[in-house]
Amino acid sequence: MAISDELQSPSSEMVLLTPSSGNPPSSIVPSSNGINLSNQPPEPSQNREGSAESDSSRVVIKKQLGLLEGVAIILGIIFGSGIFVSPKGVIMEVESVGTSLVIWVLCGLLSMIGALCYAELGTAIPKSGGDYAYIFEAYGSLPAFLYLWDAMMIFVPTTNAIMGLTFASYVLEPFFGGACHIPKAALQLLAGITICFLTYLNSYYMKVTTKMQNIIMFTKIAALVMIIIVGLVWMFMGNVENFERPFENTETDPGKLSVAFYSGIFSYAGWNYLNFMTEELRDPYRNLPRAIYISLPLVTGIYVLANMAYLAVLSPSEMIASNAIAVTFGDKILGAFSLVIPIMVAISAFGGLSVHIMTSSRICFVGARNGHMPAILSHISVKSYTPLPSLVFLCFLSIVMLVVSDVYVLITYASIVESFFIMLSVSAVLYFRYTRPSMDRPIKVAVWIPALFVIVCAFLVVVPIYVAPYEVGMGVLITLIGIPFYYCGVVWKNKPEWVQQAIDSMTFTCQKLFMSAKEEKQD
């Protein structure tokens, strides 16, 4: 499958675990045309891939996502279960009600600024893969590979494992109530079953998955609106003592303030996930930015109001002591109806996990398509038109992470590195303004927007070096370990014949197992 020279760097031709010999048998892999990786939007007269006008028999990922599905993906990832479980990270660091609400607002504004930059990137570079695709386009093969390395080894599987464990804990809690401790094996087993089930659903029933996510999105919003209404009613009844001196005892240490910002930004994480699936959006030049413009202001408003509701009912000390703030909130004020809250948290965790499995698999798929992952991971199912091998690969890694006792420590190590790569992605907006001034940009933000985002992100990346140098060092070390793999797998072109034969055999076997083929593209 030929790849355009516009995106292809010299080293990316050297494929990691990719057969160098002939193509697989034609009965398994249909013939394919070259991939068009240009940045120009398709002409109106051309048939778009996956549209009604395109050949439905082509082996290609279909454009099945509209505006509602795009909004559901962003909200499904951002809401997840975090706003129900652990918004205490901000109040714990700043120690005042007023400052915590200000940080929630600022984190929402920062997320909206970043999302505007991703709207420009996503419409100027209409490829799936999100950050990976933008880093590859701007800075070349090695930085993109290192992002992919961190994402596949740490970011994605640990997040899947944690979300699965969160869902499992809320499902099993009623069966082990009181002082009983939920067995670790039970949590891991249910989380593993859930991850496998959602992987299967995303592999073979894409339409069912997207409809389910739409329903869960409205359920999450309804749950948060209920919390907000209850909190506002409580305040209107005169219970405003927690807001009488809102900025008293505010923490001024820059290190703690940066950690508070990290906690807030982590809760907003996910606003860039729709960019992972740009190629599957119908009319991405309109629906991608519209989904972002709808989602981020809605999320910011709901987050700030939900935290006001929490703080109206719970004191800062009660919030800090709680392991599941929404549940504590419900137990204190909802009485018999408090059972609704853990159910909503479980549903949110389930929906967030489904969205994360679906979107993150596209990073792996695009990375393999560019030669940075085993070739089989760039194949799609000939029956369901989904990146089935990538979904199964990430499912396996997620299950492995479930049995790693320090999975939370791993994601802590990687969080600083992930922030650096997001900063690098947004800096590509500035880089392209200088190196490609005539680049087609359906959306063009003011230069100060990406510049401000990069400056704030740089502060949030540098300050933790002072606050938590060990965690930062471990994150950098994990990233640097990927460099030898890059040179051995991607740059080293002339591998021994027995290695190539083993790779060929593995690829062909997996093709038959998954009934998958290389993606076909129109000229």
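Bear in mind the structure is a predicted one, so any value in this text is a computation, not a measurement.

Draft legend 1. Summary view of the overall build of the protein. Within the protein, the secondary structure is distributed over 19 helices and 2 strands. Residue burial in the protein is summarised as follows: out of 523 residues, 58% are buried. In the protein, the share of contacts with a sequence separation of at least 24, taken over all contacts with a separation of at least 6, comes to 84%. Split by element, the accessible area of the protein, about 21500 Å² in all, is 67% carbon and sulfur.

Draft legend 2. Representation of the environment of Val 313 in the model. Structurally, Val 313 is set in helix H10 (residues 284-313). Exposure remark for Val 313: the relative accessible area of 4% places this residue in the buried category. Distance from Val 313 to Gly 231, taken between C-alpha atoms, is 6.6 Å for residues 82 residues apart in sequence. What Val 313 contacts, discounting residues up to four positions off in sequence, is Trp 234, Glu 318, Phe 329, Lys 332 and Ile 333.

Draft legend 3. Region of interest: helix H8 (residues 206-236). In this model, H8 (31 residues) spans 45 Å end to end at C-alpha, consistent with the 45 Å of a helix rising 1.5 Å per residue. Among the residues trailing H8, Gly 238 stands out with phi positive, at a value near 100 degrees.

Draft legend 4. Fine view of the confidence of the model for the protein. Across the protein, the average pLDDT comes to 81, with 87% of residues at 70 or higher. Counted against residues more than four places away or in other chains, residues 1-55, with its pLDDT under 50, gives 129 contacts.

Draft legend 5. Seen up close, a nonpolar patch on the surface. On the surface, Val 102, Val 105, Leu 106, Leu 109 and Phe 247 cluster together into a nonpolar patch covering about 400 Å² of accessible area. Of note, Val 102 is situated in helix H4 (residues 97-124).

Draft legend 6. Molecular detail of the pattern of salt bridges. In total, this model carries 7 salt bridges according to the counting rule given. Of the charged contacts in the structure, one is a salt bridge between Glu 120 and Arg 441, with a shortest N-O distance of 3.4 Å. In this pair, Glu 120 is assigned in helix H4 and Arg 441 in the loop between helix H15 (407-435) and helix H16 (448-467), connecting sequence segments 321 residues apart. Grouping residues by exposure puts Glu 120 and Arg 441 together as buried. The shortest N-O distance in the salt bridge between Lys 127 and Glu 137 comes to 3.8 Å.

Draft legend 7. Spatial organisation of the side chain of Arg 441. When its relative accessible area of 12% is taken as the criterion, Arg 441 is described as buried. From its side chain, Arg 441 meets the backbone oxygen of Pro 437 in a polar contact 3.4 Å long. Here Met 439 takes part through its backbone oxygen, which lies 3.2 Å from a polar atom of the side chain of Arg 441.

Draft legend 8. Inspection of the environment of Ala 168 at higher detail. Inspection of the secondary structure puts Ala 168 in helix H6 (residues 141-172). Taking relative accessible area as the criterion, Ala 168 reaches 0% and is therefore assigned buried. Remark: the alpha-carbon pair of Ala 168 and Ala 349, spanning 181 residues in sequence, is separated by 9.1 Å. The residues contacting Ala 168, other than those within four sequence positions of it, are Leu 187, Leu 190 and Ala 191.

Draft legend 9. Representation of the nonpolar core within the structure. With 158 residues, the main nonpolar core has Phe 84, Tyr 147 and Met 152 as its most contacted residues. Among the elements that line this core, the one with the most residues is H6, at 19 residues.

Draft legend 10. Seen up close, the packing of H8 against helix H13 (residues 340-369). Contact geometry of H8 with H13 gives a least axis separation of 9 Å together with a crossing angle of 140 degrees. With respect to H13, the element H8 is oriented oblique. When the axes of H8 and H13 are compared, the crossing they make is left-handed. Side by side, H8 and H13 meet where Met 206, Thr 209, Met 212, Gln 213, Ile 216, Thr 219, Lys 220, Ala 223, Met 226 and Ile 227 of the first sit next to Val 340, Ile 341, Met 344, Ile 347, Ser 348, Phe 350, Gly 351, Gly 352, Ser 354, Val 355, Met 358 and Arg 362 of the second.

Draft legend 11. Molecular detail of the packing of aromatic side chains. In the structure shown here, the tally under the stated rule is 21 aromatic pairs. Ring geometry for Tyr 310 versus Phe 329: centroids 5.7 Å apart, planes at 80 degrees, classification edge-to-face. Placement of the pair is Tyr 310 in helix H10 and Phe 329 in helix H12 (residues 325-333), with a sequence separation of 19 residues. What makes Phe 329 buried here is its relative accessible area of 0%. Seen from their ring centres, Phe 420 and Phe 421 are 5.7 Å apart, and the 65 degrees between their planes marks the pair as edge-to-face. Residue classification places Phe 421 among the buried residues on the basis of a relative accessible area of 4%.

Draft legend 12. Summary view of unusual backbone geometry. Positioned with a positive phi, Glu 95 is a non-glycine residue whose angle comes to about 65 degrees. A positive phi angle, near 50 degrees, is found at Asp 283, a position not held by glycine.

Draft legend 13. Structural detail: the environment of Glu 471. Inspection of the secondary structure assignment puts Glu 471 in helix H17 (residues 469-480). Under the relative-accessibility criterion, Glu 471 is labelled partly exposed at 27%. Measuring from C-alpha to C-alpha, the distance between Glu 471 and Ala 414 comes to 8.3 Å, with 57 residues separating the pair along the chain. Every residue in contact with Glu 471, bar those within four places of it in the chain, is listed here: Thr 412 and Tyr 413.

Thresholds, definitions, all that
Residues numbered from 1 in each chain as written. Predicted model: local features only at pLDDT ≥ 70, side-chain atom pairs only at ≥ 80, totals over all residues. Heavy atoms only, no water. Helix = DSSP H or I, 4+ residues; strand = E, 2+ residues; numbered from the N terminus. Buried < 20%, exposed > 50% of the residue type's maximum accessible area, 1.4 Å probe, protein only. Contact = heavy atoms within 4.5 Å. Areas by Shrake-Rupley, 256 points an atom, 1.4 Å probe, with all protein chains shown as cover. Expected span 1.5 Å × (residues − 1). pLDDT = per-residue confidence, 0-100. Patch = residues over 30% accessible without salt bridge, like charges linked within 9 Å, V, L, I, M, F, W, Y side chains within 5 Å. Salt bridge = Lys/Arg side-chain N within 4 Å of Asp/Glu carboxyl O. Polar contact = N/O pair within 3.5 Å; in protein donor to acceptor, adjacent residues only side chain to side chain. Core = buried A, V, L, I, M, F, W, Y, C linked by side-chain atoms within 4.5 Å. Axes fitted to C-alpha atoms, helices over the stretch in contact; angles between N-to-C directions. Parallel < 35°, antiparallel > 145°, perpendicular 65-115°, else oblique. Left-handed = near helix turned anticlockwise from the far one by under 90°. Phe/Tyr/Trp six-rings, centres within 6.5 Å; stacked < 30°, edge-to-face > 60°.

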